[in-house]
Amino acid sequence: QNNIIDDSESYKQLECVLNSKKILVMAPGATIEKESDRVKQFIKQNNPVVIFLNFVPDSYKADFVFCNNNKRYQSLSLTNEKLIITSNIKSNKYDFCFNYNSLTLTVNYGTNSLLMLLKLLSLMKISKVYIAGADGYRENEQNYYSSNIRSYSEHSSDYNREIGRIIKSFPIKIIFVTESEYNK
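Residues numbered from 1 in each chain as written. Predicted model: local features only at pLDDT ≥ 70, side-chain atom pairs only at ≥ 80, totals over all residues. Heavy atoms only, no water.

1. A short note on the pattern of salt bridges
Alright, step 1. Under the definition given, this model contains four salt bridges.
Alright, step 2. K12 is the partner of E9 in a salt bridge, and the nearest nitrogen-oxygen pair spans 3.6 Å. One end of the pair is E9 and the other is K12, both in helix 1 (residues 8-18) and three residues apart, which spans about a single turn.
Alright, step 3. Across the pair E35 and R38 runs a salt bridge, and its minimum N-O distance is 3.0 Å. (Salt bridge = Lys/Arg side-chain N within 4 Å of Asp/Glu carboxyl O. Helix = DSSP H or I, 4+ residues; strand = E, 2+ residues; numbered from the N terminus.)

Following this line, the structure appears as structure tokens:
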């Protein structure tokens, strides 16, 4: 996790790509399938830069995949999308790499890839981000679009409130395209 790198070139290059574009961050929540018509309509109407968060679903195309998790990276390294990784991942296969420690936030529940990506985007002075599939956690419900990527951590409504509070604290206008417990 303490693999410190010079990520200034990655910041410059990615900022040039994202600057003044609509950005849609897609997390692996069940709503990307349950509300797929809404998500696909949004993509069709807005033509955003799409960034997947630690996963690549079959039913959507993306411009980038953000990955901060070694285990998930192993399954993503064969993707055709451009890879944005954090420095804790030991690999030479990526398009952009950013310091892991500069993107982590102290959260009572461990690291959160959505928060890390939002911090990265805020450091690039991105002013608005659309989010789909960041559902939060609901007891006794399917929280992920696919069972093979689920988290084995149990979370409560306190987790949803904490993550929601942090999302709202970023200097970015966040617009949820799909239903989210973080947006309550």
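Still more to cover.
2. Quick look at unusual backbone geometry
Alright, step 1. A positive phi angle, close to 65°, is found at N54, a residue other than glycine.
Alright, step 2. Relative to the assigned elements, N54 resides in the loop between strand 2 (49-53) and strand 3 (64-67).
Alright, step 3. One non-glycine residue, K125, lies in positive phi territory at about 65°.
Alright, step 4. Examined against the element boundaries, K125 turns out to sit in the loop between helix 6 (113-123) and strand 6 (128-132).

3. Quick word on helix 3 (residues 36-46)
Alright, step 1. For helix 3, the set of buried residues is S36, V39 and F42. Along the axis of helix 3, the buried positions cluster into a sector of 130°, meaning they face one direction only. Turned more than 90 degrees away from the buried face of helix 3 sit D37, K44 and Q45, all of them exposed.
Alright, step 2. Among the residues trailing helix 3, N47 stands out with phi positive, at a value near 45°. (Buried < 20%, exposed > 50% of the residue type's maximum accessible area, 1.4 Å probe, protein only. Arc of directions from axis to C-beta.)

4. Some points on the sheet that holds strand 1 (residues 23-26)
Alright, step 1. Across the sheet, seven strands lie side by side as 5-4-3-2-1-6-7; this open sheet has parallel pairing. The strands lining the two open edges of the sheet, one partner per strand, are strand 5 (96-98) and strand 7 (173-176). The average undirected angle you get between the axes of adjacent strands in this sheet is 25°.
Alright, step 2. As paired strands, strand 3 and strand 4 (residues 82-86) are joined by four bridges and run parallel to one another. In the strand pairing of strand 4, F66 is matched with I84.
Alright, step 3. Lying over the sheet, helix 3 contacts strand 1 and strand 6, oriented at roughly 155° with respect to strand 1. (Pairing = 2+ DSSP bridges. Axes fitted to C-alpha atoms, helices over the stretch in contact; angles between N-to-C directions. Contact = heavy atoms within 4.5 Å.)

In short, geometric facts, not functional conclusions.
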